[in-house]
Every structure is written in structure tokens, then in C-alpha cells.
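Listed below are the residues making up each chain.
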Amino acid sequence: MDKIWLIVQREYLTRVRKKSFLIMSLIGPLLTVALFAVPVLIARMADNGKVVAVADAGNLFAGQLPEPKDDIRFVAAAPDLAQAKEEFKKGKYDALLYVPKLDLANPGGFQVFSRKGLSLSLETDVKRAVNRQIENQRLAQSGIDRATLDKLKVDVDLQTVSLSDEGEKSSSTGISTGVAYFCGFLIYMFIFIYGVQIMRGVMEEKTSRIVEVVISTVKPFQLMMGKVLGIAAVGLTQLGIWVLLSMGISTVMAGSISPDKVVEARAAQATAVVRQDTPAQQAAKKETNIAAKFSNALRNADLNVPLLIGCFLFYFLGGYLFYGALFGAIGSAVDNDTDTQQFMMPVTMPLILAFVVSQAILTTNPNGTVAFWMSMIPFTSPIAMMMRLPFGGVPAWQLALSMALLVAGFVFTTWLAGRIYRVGILMYGKKVNYRELAKWMFYKA
């Protein structure tokens, strides 16, 4: 045990003292936020300020084009298609909409021209504007006013309540989905990052022949366990730093949507009824309203935080140890990165499958048959169970059985990896296949 502890210390201190570890620990939360926020911002910037020319030969809009929004504006063009095309080529328009003479009962023949290609969002906005105008004319023919119809529409906010033997508890499907996805993504990412580190560390020691000296003082199994546990401590340290930094960032963001500021935003929205705001101001107020709704939903969501934290740490470590032993076995069996491909696929496919399929399960039935079995099998349970828990409804016996099976799976994979590791760590220059690995498992010590 003392030798394993020395290896754990060496693996831990070697990695946490690197500049790359410090840099990634500090900017990790920012990169995670950027991973989700940057594509959205880029999409919004790319679609902002689009101008669409309208050649209204069918007099669909009757000279009253749709009002401009923050991302699209319609301008009138010559009703003649040939003349409108010439104007489009000379002007700075993003698209040209041609409205032919049409029958409201069976509209058709609309065309949209663009210079290189039409984005899906712009096509959707143009189609929505045409559909709405056709609906307005049909309503007018039927003697129904659009304003009256809009007043009849309603957007109801549903308050979800979990009804169980423990009583009624308020919940939020959106918040539960977000927490489930976040926990599953963290486990998935850390298993891959630090599992590959184990594999590469073993390969480096093997190819540099340092392991020949190390093996003379410690057993191969002790060396493997020291590496797995040492790198696990590195992962926990980095996760702790990320959590602290994320809490600090969340505190700052929470201050920007405090109750006082939410009241001010709502008052400003009430004033906007009298005073017409600019598109930019309307967009800012819309974002403020969304942030306020998210803050209220997070406050009202009755999540069992202690249970989630405890289970996250268990499945985080359990999943890592389960896969870490397998990654270590792969590193000991091969001599270069090229040879790892044939062994990486069977190990990583269940992990990828769990992450992909669990996302589909969230939208259908988090407590269904597929979700149950995925949360029991050790290959998929670290992600599947953590994506089920935020929704509640997981019986205690299922959680206990899942944990027991994961521990049993870790013990088995560690034994299996140890049998491969003790032979492969000193094997050089030989192409290894699955049949050869099977033989190694039955070699006598």
C-alpha cells in the first residue's frame, strides 16, 4: 500500500505542477461557457440586419410590408420580376422575395433569390412573413380581425409538481434537463480526458523503458493502481477549482438579475407599451425577461441537491476508475498511438452510446425500461443514472443496485486490466490482437 501511495503522490504532483494544468483550471469554466454561448452569438451576429427586397406582383402585402425586427427588414422592390432582379444585383440586399399573382385558396409560385445561398434562418423568417400575410387576408375575407384572433391566443405557464409518497414537491422540467445534461457531460468529458492521460502515461513509460526500472521495485498491478488513483486525484482537484470558479461567476451573474433589477425591467416593459422602443432595446428587455424566468425557475425547482452532489461524486469517481483501468490496459498492450485505435473503439463506444442515447431518453421517459437498464450496466450507468436523478422518481433500490454493480464492475475491470498490464508492460515490438490479450489473462504469475 505504501508503494501505491508513493506512485499516487508522484502522478499527482507531476501533473498539478504543470503550467497547462493551472491554465486549464483557470480558464476551464470560461471555455465551457464559450462552448455553448459562442455558437449562439455567432448565429445571432450572422443573421442580424438582413435586408429582403419584396417584388409584390400579386399585391399580397398591399404596400404594407412586415414591420422590421432586430434581425430582418423588408423593403419594396419593383413588382416586375426582371426589373426587381436588376435592382437586387445593384443593391445591397440579402434576398429577393417574388410574390406572384396568387389564389388565396391555393397559394403558390413564390420565389426567393439570393446571391450565393440562403441561410435556413432567413428562409424561415421570409416564409413566416408570407404565411402570416396570407393568413391575415384569409381572416379578412372571413370577417375576422387579426388583433381579435391574437387576443384569443394564450401562453400558459405550467407549474410542474412531483406527487409521491413523500408529498407534493414543485419541480421544473427545464431545470432538471439542464442539470442532467450538465452532470452527464462533465462525467463524459472527464472520463475521456483523464482516461487518455492514463493510457498515454503508461505508453510513455513503456516506450522509454523507464518502466523496466520501476518494475524492479513495485509490482505491475501496484504501478497501474497508483497511476489510476493519482490521475483521479488530479481530476477531482481540477473539478473542485472549476466548481469554485463557476460559483463565483454565477454569483456575479445572479447580481445582474437581482429582484430589484427584474422589477425595473418589468416596469420598463410596461412603459414600452406607450413609448415604442428600438429593436435593440426590445431585444435587451427580452433577454432580461428570459433571465428573470430562468432565475425564478431555478429558485422554485425542488432538487435534492445533497443527493445529486453525493451521487455525482460517486459516479464521477466510479466511472473514471471503471474506464481508467481499461485505458491503462490498452496503454500497456501497445507501443504507439496507431495501435491504440483497434482497442479504443470497444472501450469508448459504450460511453459515447450512453451520452447520446441518454439525451434522447430525457425527452421521452427518464424512468422507462431503456433508462433503467442503461443506469444498471456499469459501462453506461455513470452517465445514464446521473441524467435520471434530477428528474426524481428513481427508487432507492435502483440507485443502490446501480452503485453496487458499478463497484463490482470496477473490481472486475481492475482485475482484468491487471492481468493484461503485468504482461503487456514489458512486451515490445509485437503487434497485439484480441486473441493475444485473451492468452495474457490466463498466464500464471
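Residues numbered from 1 in each chain as written. Predicted model: local features only at pLDDT ≥ 70, side-chain atom pairs only at ≥ 80, totals over all residues. Heavy atoms only, no water.

## Some remarks on the sheet that holds strand 4 (residues 111-113)
Link 1 in the chain: Reading across from one edge, 2-1-3-4 is the order of the four strands in this open sheet, with mixed pairing throughout. The sheet is open, and its two edges are formed by strand 2 (72-76) and strand 4, each paired on a single side. Each strand of the sheet is rotated relative to its neighbour by a mean of 25°, with strand direction disregarded.
Link 2 in the chain: Here strand 1 (residues 50-56) runs beside strand 2; their pairing, made up of five bridges, is parallel. Bridge assignment links Val51 to a residue of strand 2, and that residue is Arg73.
Link 3 in the chain: Taken strand by strand, helix 3 (residues 81-90) contacts strand 1, strand 3 (95-99) and strand 4, and its axis lies near 170° from that of strand 3.
Link 4 in the chain: The sheet strands contacting helix 4 (residues 120-141) are strand 1, strand 2, strand 3 and strand 4, and the helix crosses strand 2 at an angle near 55°. (Pairing = 2+ DSSP bridges. Helix = DSSP H or I, 4+ residues; strand = E, 2+ residues; numbered from the N terminus. Axes fitted to C-alpha atoms, helices over the stretch in contact; angles between N-to-C directions. Contact = heavy atoms within 4.5 Å.)

## Things to note about the pattern of salt bridges
Link 1 in the chain: Enumeration over the complete set of coordinates arrives at three salt bridges.
Link 2 in the chain: Here Arg15 makes a salt bridge to Glu11, at a shortest N to O gap of 2.4 Å. One end of the pair, Arg15, and the other, Glu11, are both in helix 1 (residues 2-16), four residues apart, so they sit about a helical turn from each other. Here the two residues Arg15 and Glu11 agree in accessibility, since each one is buried.
Link 3 in the chain: Asp125 serves as the salt-bridge partner of Arg128, at 2.9 Å between the closest nitrogen and oxygen. Of this pair, Arg128 and Asp125 both sit in helix 4, three residues apart, which is roughly one turn of the helix.
Link 4 in the chain: A residue is classified by how much of its surface remains accessible, and Arg128, at 44% relative accessible area, is partly exposed.
Link 5 in the chain: When salt bridges that share partners are traced, they join Arg10, Glu11 and Arg15 into one network. (Salt bridge = Lys/Arg side-chain N within 4 Å of Asp/Glu carboxyl O. Buried < 20%, exposed > 50% of the residue type's maximum accessible area, 1.4 Å probe, protein only.)

## A closer look at the pairing of strand 1
Link 1 in the chain: In terms of burial, strand 1 is a largely internal element, seven of the seven residues being buried.
Link 2 in the chain: Alternating positions in strand 1 separate into two faces, Lys50, Val52, Val54 and Asp56 on one and Val51, Ala53 and Ala55 on the other, with burial throughout.
Link 3 in the chain: Bridging between strand 1 and strand 3 involves five bridges; their strand directions are parallel. When the bridges of strand 3 are listed, Ala55 appears paired with Tyr98.

## Things to note about the packing of helix 11 (residues 305-333) against helix 15 (residues 396-424)
Link 1 in the chain: Two elements in contact, helix 11 and helix 15, have axes separated by 8 Å at closest approach and are oriented at 20°. In this view, helix 11 runs roughly parallel relative to helix 15, as classed from their interaxial angle. Taken as a pair, helix 11 and helix 15 cross one another with a handedness that is left-handed.
Link 2 in the chain: Taken together, the residues of the contact of helix 11 with helix 15 break down into 18 nonpolar, nine polar and no charged. (Parallel < 35°, antiparallel > 145°, perpendicular 65-115°, else oblique. Left-handed = near helix turned anticlockwise from the far one by under 90°. Nonpolar A, V, L, I, M, F, W, Y, C, P; charged D, E, K, R; others polar.)

## Topic: helix 4
Link 1 in the chain: Spanning 22 residues, helix 4 covers 32 Å between terminal C-alpha atoms, matching the ideal 32 Å at 1.5 Å per step.
Link 2 in the chain: All buried positions along helix 4 are accounted for by Leu122, Asp125, Val126, Ala129, Val130, Gln133, Ile134 and Leu139.
Link 3 in the chain: Downstream of helix 4 by one or two residues, Gly143 has phi in the positive range, about 80°. (Expected span 1.5 Å × (residues − 1).)

## Points about the environment of Leu307
Link 1 in the chain: In this fold, Leu307 is placed in helix 11.
Link 2 in the chain: Judged by relative accessible area, Leu307 falls into the partly exposed class, the value being 36%.

## Overview of the packing of aromatic side chains
Given two aromatic rings, their pairing is described by the distance between the two centres and the angle made by the two planes.
Link 1 in the chain: All chains considered together, the criterion is met by 16 aromatic pairs.
Link 2 in the chain: For the pair Phe312 and Phe316, a centre-to-centre distance of 5.8 Å together with 35° between the ring planes defines the contact as tilted. Within this pair, Phe312 and its partner Phe316 are both found in helix 11, separated by four residues, close to a single helical turn.
Link 3 in the chain: Residue classification places Phe312 among the buried residues on the basis of a relative accessible area of 10%. (Phe/Tyr/Trp six-rings, centres within 6.5 Å; stacked < 30°, edge-to-face > 60°.)

## Some words on unusual backbone geometry
Link 1 in the chain: Phi at Asn59 takes a positive value of approximately 55°, unusual for a residue other than glycine.
Link 2 in the chain: With respect to the secondary-structure elements, Asn59 resides in the loop between strand 1 and strand 2.

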